[in-house]
Amino acid sequence: MNGYKVYLADDERHIRDGVADTVAWEELGLTLTGTAPDGLQAYEEIRSLKPDIVITDIRMPKLNGLELIERTQTALPDTKFIVLSGYGEFELAAQAMKYGVKHYVLKPSNEREIMDALREVIAELRVYHAREKEIEGMLRKLEQSAQGTDDTQQQETPPGKLDKKSKLIDHMKRLTAEHLRDGRLSLQWLAQHYLFMNSEYLGKQFRLETGEKYTQYLTNLRIDLAKQLLRMSAELKMYEIAERCGFEQDPQYFANVFKKTTGYTAAEYRKKFSIQTK
């Protein structure tokens, strides 16, 4: 990624103009993509522009800063926020913490304070995207192993050698690896959205071909990914690991399954096997 996009929402024009004119955007590797005087216009443009960072006032007409943050995080959950708050607005600003907002600038603010906050967010985004690349690499490896054969074996195998059932199972494994992080993934979901076949039939064929139930296969892949993340990253929180492994609907369920599968709690596993502690 060459740079990050920023959007600014504040009902005071002199603040919008001041931030737009004084922040050294190019120096930070940022682009200011737009500004708005109210939360509703901001939300509509944010959905279209998809900025990485949103700088927002707390008190705005039509849609206040908290409502803007809540709606944006529902539509674009990876967006980072910097909250501008005035004296006497601390309680409102503190409410933004429940949405994961960690960066606040007290008005009136100067260029240095805003740039410092932007630098902190940029650092977070770089770490986040580095982790995402690591995870994508892991998923590619899982997908390759799920195919059950490498390119050389495929070249040596005559085109008509594999029967239809084997090809179906290989296809199911590839789809599973591709969608492993999606909490909706299940045998029924694959059947309905990709394979267009009866899920009971698919489950029976998968078990006959592999010797295990599809649900167990899916769980094992997700736990394998979780183990890799726990070994490689000491910073990721447990709920973040659960989300990245497709357990976002229920982090406690992830904790229970991990302990049942590995014999360790996730925290115990990280402490014992983390490559960062060796």
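See the structure shown above.
Residues numbered from 1 in each chain as written. Predicted model: local features only at pLDDT ≥ 70, side-chain atom pairs only at ≥ 80, totals over all residues. Heavy atoms only, no water.

(A) Region of interest: the sheet that holds strand S5 (residues 103–106). One open sheet holds the 5 strands; their spatial order is S2-S1-S3-S4-S5, and the pairing between them is parallel. What marks the edges here is a single partner per strand, and that holds for strand S2 (30–36) and S5. Neighbour-to-neighbour, the strand axes of this sheet turn through a mean angle of 20°, independent of strand direction. Alignment of strand S1 (residues 4–9) against strand S3 (residues 53–57), held across 4 bridges, turns out to be parallel. Its bridge partner being in S3, valine 6 is matched across the sheet by isoleucine 53. Here helix H3 (residues 39–49) sits on the sheet and contacts S1, S2 and S3; the angle it forms with S1, its principal contact strand, is near 170°. (Pairing = 2+ DSSP bridges. Helix = DSSP H or I, 4+ residues; strand = E, 2+ residues; numbered from the N terminus. Axes fitted to C-alpha atoms, helices over the stretch in contact; angles between N-to-C directions. Contact = heavy atoms within 4.5 Å.)

(B) Region of interest: the pattern of salt bridges. Evaluated as defined, the whole model comprises 5 salt bridges. Arginine 119 is paired through a salt bridge with glutamate 27; the nearest N and O atoms lie 3.6 Å apart. Placement of the pair is arginine 119 in helix H6 (residues 111–146) and glutamate 27 in helix H2 (residues 25–28), with a sequence separation of 92 residues. On the basis of relative accessibility, which here comes to 39%, the residue arginine 119 falls in the partly exposed class. Classification of glutamate 27 by relative accessible area gives exposed; the value is 60%. (Salt bridge = Lys/Arg side-chain N within 4 Å of Asp/Glu carboxyl O. Buried < 20%, exposed > 50% of the residue type's maximum accessible area, 1.4 Å probe, protein only.)

(C) Focus on the packing of helix H8 (residues 164–178) against helix H9 (residues 187–195). The N-to-C vectors of H8 and H9 enclose an angle of 105°; their axes lie 11 Å apart at closest approach. One way to sum up the angle between H8 and H9 is to call them roughly perpendicular. On H9, the residues that touch Leu168, His171, Met172, Leu175 and Thr176 of H8 are Leu187, Leu190, Tyr194 and Leu195. Grouping the amino acids of the contact of H8 with H9 by side-chain chemistry returns 7 nonpolar, 2 polar and no charged. (Parallel < 35°, antiparallel > 145°, perpendicular 65-115°, else oblique. Nonpolar A, V, L, I, M, F, W, Y, C, P; charged D, E, K, R; others polar.)

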